[in-house]
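Chain by chain, the residues:
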Amino acid sequence: MSWRDRAACRSEDPELFFPVGGRDSLTNLALAICQPCPVLGECRREALETPIQDGIWGGMTEAARDELLRTRTAVSA
């Protein structure tokens, strides 16, 4: 069994995690589903290690992932 099989988003509409046009209400709903997820850590790790650019992954928006990756790069440099 993969960690994905235990993800809180597994039974949700995938469209929810790819809000078009910056729809804040959908983004906030997706993030709320992610926060109590039992596999949030695994999902976040994959989202940061894989070049996933679109959507909500690991409980983070595209902008939040980009910022975290930039911060990590700056700290390690």
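Thresholds applied
Residues numbered from 1 in each chain as written. Predicted model: local features only at pLDDT ≥ 70, side-chain atom pairs only at ≥ 80, totals over all residues. Heavy atoms only, no water. UniProt positions renumbered as here; feature names shortened; annotations may be inferred. Helix = DSSP H or I, 4+ residues; strand = E, 2+ residues; numbered from the N terminus. Rg over C-alpha atoms; globule rule 2.2 N^0.38 Å. Contact = heavy atoms within 4.5 Å. Areas by Shrake-Rupley, 256 points an atom, 1.4 Å probe, with all protein chains shown as cover. Buried < 20%, exposed > 50% of the residue type's maximum accessible area, 1.4 Å probe, protein only. Lys, Arg positive; Asp, Glu negative; His and termini not counted. Salt bridge = Lys/Arg side-chain N within 4 Å of Asp/Glu carboxyl O.

- Looking up the protein chain in an unreviewed UniProt entry gives the name Transcriptional regulator WhiB, with the organism given as Solihabitans fulvus.
- Per its UniProt entry, the protein chain bears the Subcellular location (unreviewed entry) comment "Cytoplasm".

Description of the overall build of the protein chain
Then comes step 1: Summing up its helical and strand segments, the protein chain has three helices and zero strands in all.
Then comes step 2: Element order for the protein chain, N to C, with α for helix and β for strand: α-α-α.
Then comes step 3: Against the compact-globule benchmark of 11 Å for 77 residues, the protein chain has a radius of gyration of 13 Å, which places it among compact chains.
Then comes step 4: In terms of principal-axis extent, the alpha carbons of the protein chain reach across some 40 × 35 × 20 Å.
Then comes step 5: When contacts within the protein chain are restricted to residue pairs at least 6 apart in sequence, long-range pairs at least 24 apart make up 43% of them.
Then comes step 6: Carbon and sulfur atoms provide 54% of the accessible area of the protein chain, an area that totals close to 5300 Å².

Quick notes on the UniProt feature "binding site: [4Fe-4S] cluster" (unreviewed entry) in the protein chain
Then comes step 1: As annotated in UniProt, the feature "binding site: [4Fe-4S] cluster" (unreviewed entry) corresponds to Cys9, Cys34, Cys37 and Cys43 in the numbering used here. Taking the farthest pair of C-alpha atoms as the criterion, the annotated set spanning 35 residues converges on one region, since that pair is 10.7 Å apart.
Then comes step 2: What cysteine 34 contacts, discounting residues up to four positions off in sequence, is Phe17, Leu40, Ile56 and Gly59.
Then comes step 3: If you trace the backbone, cysteine 43 turns up in helix 2 (residues 40-49).
Then comes step 4: The exposure class of cysteine 43 is buried, given its relative accessible area of 16%.
Then comes step 5: Beyond its immediate chain neighbours, meaning those up to four positions away, cysteine 43 contacts Trp3, Trp57 and Gly58.

Topic: the side chain of arginine 65
Then comes step 1: Topologically, arginine 65 is positioned in helix 3 (residues 62-76).
Then comes step 2: No salt bridge is formed by the buried arginine 65, whose closest oppositely charged neighbour, glutamate 62, lies at an N-O distance of 5.3 Å.
Then comes step 3: Once residues lying within four places of it in the same chain are set aside, the contact partners of arginine 65 are Ala47, Leu48, Ile52, Gln53, Asp54, Gly55, Ile56, Trp57 and Met60.

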